[in-house]
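# Structural description and commentary
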Amino acid sequence: MKLKGTLWTLLRSQWLLLLAIVLYGWAFSVTPDRALEALTVAGTSFSSVLLLIVAVMGLVGVIQVWISRDLISRLLGRQGGFRAFFIAAACGTVLIGPAYIIFPLLMSIRAQGARWGVIVTVLAAYAVKIPMIPLEVQYLGWGFSLTRSLLTILFAIPIGLAVEAIMERPAAIRPP
Amino acid sequence: MTNVGLTYLLLIVITYGVLFRISPGRTRQSLAVAGQSLGRLFPLLIAVFALIGLFQVYLPPEAIQQRLGAASGWSALVSGGLLGAVAIGPPVAAFPLAGSLLAAGAWPPAIAAFIVSWVSVGVISLPVEAEVFGLRFALARNGIAFLAALLIGLLVGVVA
């Protein structure tokens, strides 16, 4: 009985890892060469961002313990008003690195009093990569790149407000 | 990327050094929080990277190109958004791919939707997002980001 519970917990918490293992098992049995290639790609990309992951977690620790709740909720919470969204959009455009590394960082800011809309706005504005605009222009031209970037920024705040509205809908009208 | 990571890590180590001089107790507390979040996310991240490897080998740029090049109109727009949502990788890889598609005559709105969706919608990283923020948030954010990617794509077609 106890063992069954433990297995279930493991399955629930690590289902993605188990899924990856199963997929690799399948890939190795069908096309061993390509599976090995996939594993190599996985290993090299993981090791290239490993330091960044550790650094970001370090930053999460600093934010949670050292940055005061008052400051965050004054700047990025309801009290921050619309300025909070402009700060969020600006931060989003300069952040780099894969989004799934930024998630814990944003959650620590959320836990310290930032509103949902601000978190989502950062993630939406994140599709504008100011450090990479020269590269985008090189491949796609000025007209395309600038239009895409401007539209993405314009949409960032409405997207933030929309997701916040979904998150804060009263429990009574929440779909089951 | 390794150099960027090293730079950030160095900055964080220096920050911890400075904070330790101010208050060793709170710094240890920070370290504990950092270790906990790293431990919680580590298996998930390993899984995500394992899947990234599979995707890059089994869904290579050529396959995306074929799919997007053949489609037109609405189906191209939706394909662009969907391919961007499942594709994962640095935008550095998205731009050359998008450039070659545009040069090959692909519909610009579909390409714009593809890029925006590539960066802001993540099907593979959805489990990580749900683990950190909760499932409701992950679904709502990715759903709305996907719709926005299509809309931004269409508008790029009108303006550019």
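Values in this document were obtained by computation on a predicted structure and should not be read as measured data.

## Quick look at the environment of Ile 109 of chain A
- Tracing the sequence through the fold places Ile 109 of chain A in helix α6 (residues 99-111).
- When neighbours within four sequence positions are excluded, Ile 109 of chain A is seen to be in contact with Ile 63, Ile 72, Leu 76 and Ala 114 of chain A.

## Remarks on empty space enclosed by the protein
- Evaluated as defined, the whole model comprises 1 cavity of 30 Å³ or more.
- Roughly 80 Å³ of volume is contained in the largest cavity.
- The wall of the largest cavity is formed by 15 residues, among which Ala 124 and Ile 159 of chain A together with Ser 120, Ala 145 and Ala 148 of chain B lie closest to the centre.
- At the level of elements, α7 (116-125) and α9 (142-167) of chain A together with α6 (108-120) and α8 (135-159) of chain B are the ones that each hand at least two residues to the lining of the largest cavity.
- Ranked by the residues each element gives to the lining of the largest cavity, the list is headed by α8 of chain B, at 5 residues.
- Of the residues belonging to the lining of the largest cavity, the class tally is 12 nonpolar, 2 polar and 1 charged.

## Here we look at the UniProt feature "transmembrane region" (unreviewed entry) in chain B
- The UniProt record annotates "transmembrane region" (unreviewed entry) at residues 6-22, 42-59, 71-89, 101-126 and 138-159 of chain B.
- Here residues 101-126 of chain B runs as 65% helix and 0% strand, with 27 Å between its end C-alpha atoms.

## What to know about the packing of aromatic side chains
- Applying the stated criterion to the full structure yields 10 aromatic pairs over all chains.
- An aromatic cluster of three or more residues is present, and its members are Phe 103 and Trp 116 of chain A together with Phe 133 and Phe 137 of chain B.
- Lying across the ring of Trp 116 of chain A, Arg 110 of chain A places its NZ or CZ 4.1 Å from the centre.
- Its end group placed over the ring of Trp 66 of chain A, Arg 26 of chain B keeps NZ or CZ at 4.6 Å from the ring centre.

## Details of the domain arrangement of chain A
Residue and element names in this part refer to chain A.
- Domain boundaries in chain A define domain 1 (1-59) and domain 2 (67-168).
- Measuring from the centre of the C-alpha atoms in domain 1 to the corresponding centre in domain 2 gives 29 Å.
- Viewed at the interface, domain 2 and domain 1 are joined by 0 salt bridges.
- Along the lines of polarity and charge, the residues of the side of domain 1 that touches domain 2 split into 6 nonpolar, no polar and no charged.

## Quick look at the packing of helix α7 (residues 126-133) of chain B against α8 of chain B
Residue and element names in this part refer to chain B.
- The contact between α7 and α8 brings their axes to 7 Å, and the two run at 130°. By the criterion of interaxial angle, the relationship of α7 to α8 is oblique. Considering only the axes of α7 and α8, their crossing is right-handed. Listed contacts from α8 to Leu 126, Glu 129, Ala 130 and Phe 133 of α7 are Leu 135, Phe 137, Ala 138, Leu 139, Arg 141 and Asn 142.
- Partitioning the contact of α7 with α8 into residue classes produces 7 nonpolar, 1 polar and 2 charged.

## Notes on the domain arrangement of chain B
All names here are of chain B.
- Here chain B is described as being made up of domain 1 (1-58) and domain 2 (60-159).
- Here the C-alpha centre of domain 2 lies 28 Å away from the C-alpha centre of domain 1.
- Opposite the 10 residues of domain 1 that make contact, domain 2 presents 9 residues.
- Between domain 1 and domain 2 lies a buried interface of about 910 Å² when both sides are counted; carbon and sulfur atoms form 75% of it.
- Our count for the domain 1 to domain 2 interface comes out at 1 salt bridge.

## Points about the interface of chain A and chain B
- The interface of chain A with chain B comprises 68 residues on the first partner and 70 residues on the second.
- Summing both partners gives a buried area of about 6,500 Å² for chain A against chain B, and 84% of it is carried by carbon and sulfur.
- Applying the counting criterion to the chain A and chain B interface returns 0 salt bridges.
- At the surface where chain A touches chain B, the tally comes to 8 residue pairs in polar contact (both at pLDDT 80 or more).
- Going through the elements one at a time, α2 (15-30), α3 (32-66), α6, α7, α8 (133-140) and α9 of chain A are the ones with two or more residues in the side of chain A that touches chain B.
- If you tally residues by element for the side of chain A that touches chain B, the top one is α3 of chain A, at 25 residues.
- Across the side of chain A that touches chain B, the residue classes break down as 50 nonpolar, 11 polar and 7 charged.

Conventions used here
- Residues numbered from 1 in each chain as written.
- Chains lettered and ligands numbered in written order.
- Predicted model: local features only at pLDDT ≥ 70, side-chain atom pairs only at ≥ 80, totals over all residues.
- Heavy atoms only, no water.
- Helix = DSSP H or I, 4+ residues; strand = E, 2+ residues; numbered from the N terminus.
- Contact = heavy atoms within 4.5 Å.
- 1 Å grid on protein atoms, 1.4 Å probe; cavity = no way out; pocket = protein on both sides within 12 Å on 5 of 7 lines; lining within 4 Å.
- Points joined across faces, edges and corners; volume = space filled by probe spheres on them.
- Nonpolar A, V, L, I, M, F, W, Y, C, P; charged D, E, K, R; others polar.
- UniProt positions renumbered as here; feature names shortened; annotations may be inferred.
- Phe/Tyr/Trp six-rings, centres within 6.5 Å; stacked < 30°, edge-to-face > 60°.
- Lys NZ or Arg CZ within 6 Å of the ring centre and 35° of its normal.
- Domains from an automatic or database assignment.
- Salt bridge = Lys/Arg side-chain N within 4 Å of Asp/Glu carboxyl O.
- Axes fitted to C-alpha atoms, helices over the stretch in contact; angles between N-to-C directions.
- Parallel < 35°, antiparallel > 145°, perpendicular 65-115°, else oblique.
- Left-handed = near helix turned anticlockwise from the far one by under 90°.
- Buried area = accessible area lost by both parts, 1.4 Å probe.
- Polar contact = N/O pair within 3.5 Å; in protein donor to acceptor, adjacent residues only side chain to side chain.

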